[in-house]
Amino acid sequence: QVQLVESGGGLVQPGGSLRLSCTASGFTFSSYWMYWVRQAPGKGLEWVSIIDTSGRTVYADSVKGRFTISRDNANNTLSLQMNSLKPEDTAVYYCNFLPRFGSWGQGTQVTVSS
């Protein structure tokens, strides 16, 4: 049974940092491309970043230069280091793996506010 558990969210001031984690189980983590999406209040899902099995990464323009995605295959963990946070980064963040889209975990809430 596939499980994805996101954690690490919280309330942070603009300009601050947070590190999100996604602990995966029920599938061969190292064999899949992993990605993060987010959903801001009242809006649809927005793709944030993806990492392939070799560690190559791609970012949405809105987070490029501020966010860093990484993976730890030994511990089946996906991470998202978020720096220079802005109020528009406020959202619930979810992880998943390709080609799956849907069946989201509970997500982790990130709130950027002074």
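Above this text is the structure in question.
Novice: Please set out the sheet that holds strand β8 (residues 77-82) residue by residue, giving values where relevant.
Specialist: Judged by pairing direction, the sheet is antiparallel, and its four strands sit side by side in the order β1-β3-β8-β7 without closing on themselves. The outermost strands of the open sheet, each flanked by one partner alone, are β1 (3-7) and β7 (67-72). Neighbour to neighbour, the strand axes of the sheet diverge by 15° on average, direction disregarded. Judged from the six bridges that link them, β7 and β8 form a sheet pairing that is antiparallel. Residue pairing in the sheet places Arg71 in a bridge with Leu78 of β8.

Novice: Just give me the short version of the pairing of strand β10 (residues 108-112), but keep the residues and values in it.
Specialist: Residues of β10 alternate between two faces, with Thr108, Val110 and Val112 buried on one and Gln109 and Thr111 left unburied on the opposite face. Pairing of strand β2 (residues 10-12) with β10 involves three bridges; the strand directions are parallel. By the bridge assignment for β10, Leu11 is matched with Thr111. In this sheet, β10 lies alongside strand β9 (residues 91-97) in antiparallel orientation, the contact comprising three bridges. Within β10, the position partnered with Tyr93 by the bridge is Thr108.

Rules of the game
- The residue count restarts for each chain, going from 1 along the sequence in the order it is written.
- In view of the model being predicted, local features appear only for residues whose pLDDT reaches at least 70, and side-chain atom pairs are presented and counted only at 80 or more, with totals across whole chains, interfaces and linings using the full set of residues.
- Calculation of side-chain values draws on the structure's entire complement of heavy atoms; hydrogens and water are dropped beforehand.
- At least two bridges found by DSSP between two strands are what make those strands a pair.
- Helix numbering and strand numbering both begin at the N terminus, where a helix is a DSSP run of H or I of at least 4 residues and a strand a DSSP run of E of at least 2.
- Only the stretch in contact is used when fitting a helix axis, every axis being a line fitted to C-alpha atoms; angles between N-to-C directions are given from 0 to 180 degrees.
- Exposure classes here rest on a 1.4 Å probe applied to the protein chains alone. A residue is buried below 20% of its type maximum, exposed above 50%, and partly exposed in between.

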